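# Close look at the chain arrangement
Read off the chains here:
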Amino acid sequence: MTGQLEGRVALITGAGSGIGRAAAQRFAAEGCAVAVVDLVAAAAQDTVDKIIANGGRAIACPANVTADAEVRSAVERTVEAFGRLDVLYNNAGVNSSGSVVDATEDDWDRCMGVNVKGTFLCSRAAVSHLAASGSGAIVNQASVAALVGIPNFAAYCAAKGAVVALTRSMAVDLAPRGIRVNVICPGTVFTPLMEPLLRARGDGDLEAGLAKTTVKYPIGRLGSPEEIASAALFLASDQASFLTGSVLTADGGMTAQ
Ligand code: 1HS
């Protein structure tokens, strides 16, 4: 590893599993102290234990990203522990089920709450610290679902589209404070978030669902959490110093067709 985030501090939401955990581990390996935020305390602690076992620095901050008081507490704990905050990776997300015909209101509210309101609340709580760092960066997590219609995924498509629009809004508003804001649109990665969708797509057969999904990807496979973490690292680092308001697809060509 090359120390791309040496001396920096990052807060990563949804870092108890999947892409968030991979990013927490990668950022730590690049010299970054990491606040691991997750709804599930044990999952957050597990990520922290893995980082510390590899000689990195991390703390667990269990929090619900839709609850402002919990979000603010996680940010303040991070700054107390590590003295600063340079990077916010708004990775926490949930999917949805159903088309506009049959999606439920509860499903819609939960999906918009975690994906969109969570991004808003975490960003709002972090802005003053990111501005003070002098190298502040926010990385938001959207999806290819922000760019193309995915069947039976109405709320998720809408939520991720909103995250892209919010990213552009934040990029404009926060540039004068020295904070860059960019968004990743990952294609499908096999994570706990995706497993139910893939299983449903295969009528209960996960392998069949995976096969139906893989054919959508010109590169011939799904992504890995580590590949999305690499994209996040780039956007968080000084390597991306002229990027703000950018929408980075990391999707094996899925939206290039
Ligand atoms: C959940 C993730 O953001 C991907 S959206 C679904 C894309 S695909 O499986 O229909 O190619």
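Up top is the structure.
One structure accompanies this document, and this report is about it. (Residues numbered from 1 in each chain as written. Predicted model: local features only at pLDDT ≥ 70, side-chain atom pairs only at ≥ 80, totals over all residues. Heavy atoms only, no water.)

Below, the discussion takes up helix 5 (residues 154-174). The end-to-end C-alpha distance of helix 5, which contains 21 residues, comes to 30 Å, matching closely the 30 Å that a straight helix rising 1.5 Å per residue would cover. Contacts from the buried residues of helix 5 go to helix 4 (105-133), strand 5 (137-141), strand 6 (180-186) and strand 7 (247-250). (Helix = DSSP H or I, 4+ residues; strand = E, 2+ residues; numbered from the N terminus. Expected span 1.5 Å × (residues − 1). Contact = heavy atoms within 4.5 Å.)

Here we come to the sheet that holds strand 4 (residues 87-90). Read across the sheet, seven strands follow the order 3-2-1-4-5-6-7 without closing on themselves; strand pairing throughout is parallel. Every interior strand has two partners, whereas the edge strands, strand 3 (58-62) and strand 7, have only one. The mean inter-strand angle of the sheet, taken between neighbouring strand axes irrespective of direction, is 20 degrees. Bridge analysis of strand 4 against strand 5 gives four bridges, and the strand direction is parallel. Residue pairing in the sheet places Y89 in a bridge with V139 of strand 5. Together, strand 1 (9-13), strand 2 (33-38) and strand 3 form the strand contacts of helix 3 (residues 68-82), whose direction differs from that of strand 3 by roughly 160 degrees. (Pairing = 2+ DSSP bridges. Axes fitted to C-alpha atoms, helices over the stretch in contact; angles between N-to-C directions.)

A separate point is a nonpolar patch on the surface. Nonpolar side chains collect at one region of the surface, where L147, V148 and V247 lie side by side and expose about 190 Å² of accessible area between them. Mapped onto the elements of the fold, L147 is located in the loop between strand 5 and helix 5. (Patch = residues over 30% accessible without salt bridge, like charges linked within 9 Å, V, L, I, M, F, W, Y side chains within 5 Å. Areas by Shrake-Rupley, 256 points an atom, 1.4 Å probe, with all protein chains shown as cover. Salt bridge = Lys/Arg side-chain N within 4 Å of Asp/Glu carboxyl O.)

Another point: the nonpolar core. Core analysis: the biggest nonpolar cluster contains 31 residues, and L85 and I138 have the highest contact counts within it. If you list the elements that add at least two residues to this core, you get strand 1, strand 2, strand 3, helix 3, helix 4 and helix 5. The dominant element in this core, judged by the number of residues it contributes, is helix 4, at seven residues. I138 has contacts with L88, N90, S123, L130, M170, L174, I179, R180, V181 and N182, leaving out every residue within four places of it along the chain. By size, the runner-up hydrophobic cluster in this structure holds 30 residues, among which are C32, V36, I184 and L235. (Core = buried A, V, L, I, M, F, W, Y, C linked by side-chain atoms within 4.5 Å. Buried < 20%, exposed > 50% of the residue type's maximum accessible area, 1.4 Å probe, protein only.)

Moving on to the side chain of T167. Among the secondary structure elements, T167 is positioned in helix 5. With relative accessibility at 0%, the residue T167 sits in the buried group. For T167, the side chain forms a polar contact with the main-chain oxygen of V163, separated by 2.7 Å. Once residues lying within four places of it in the same chain are set aside, the contact partners of T167 are N140, V181, N182 and V183. (Polar contact = N/O pair within 3.5 Å; in protein donor to acceptor, adjacent residues only side chain to side chain.)

This part takes up the pairing of strand 6. Counted residue by residue, strand 6 has seven buried out of seven residues, so it is predominantly covered. As defined by bridge partners, strand 5 adjoins strand 6 across five bridges and the pair is classed as parallel. For I138, the partnering residue across the bridge sits in strand 6 and is V181. Of the crossover connections in this fold, the one passing from strand 5 over helix 5 to the parallel strand 6 is right-handed. Where strand 6 and strand 7 come together, four bridges link them in parallel fashion. Across the sheet, the residue bridging to V183 is V247, located in strand 7. (Right-handed = clockwise from strand over helix to strand, strands pointing away.)

If you check the shell around the ligand, you find S143, V144, I150, F153, Y156, T188, M194, R201, T213, K216, Y217 and M254 and nothing else. Within the side chain of S143, a nitrogen or oxygen atom sits 2.6 Å from an oxygen atom of the ligand. Between Y156 and the ligand, the recorded distance is 2.6 Å, taken from a side-chain N or O atom to an oxygen atom. Here the ligand, which alone exposes 350 Å², has 97% of that area covered by the protein. Of the residues contributing to the shell around the ligand, the split by class is seven nonpolar, three polar and two charged. (Near = heavy atom within 4 Å. Nonpolar A, V, L, I, M, F, W, Y, C, P; charged D, E, K, R; others polar.)

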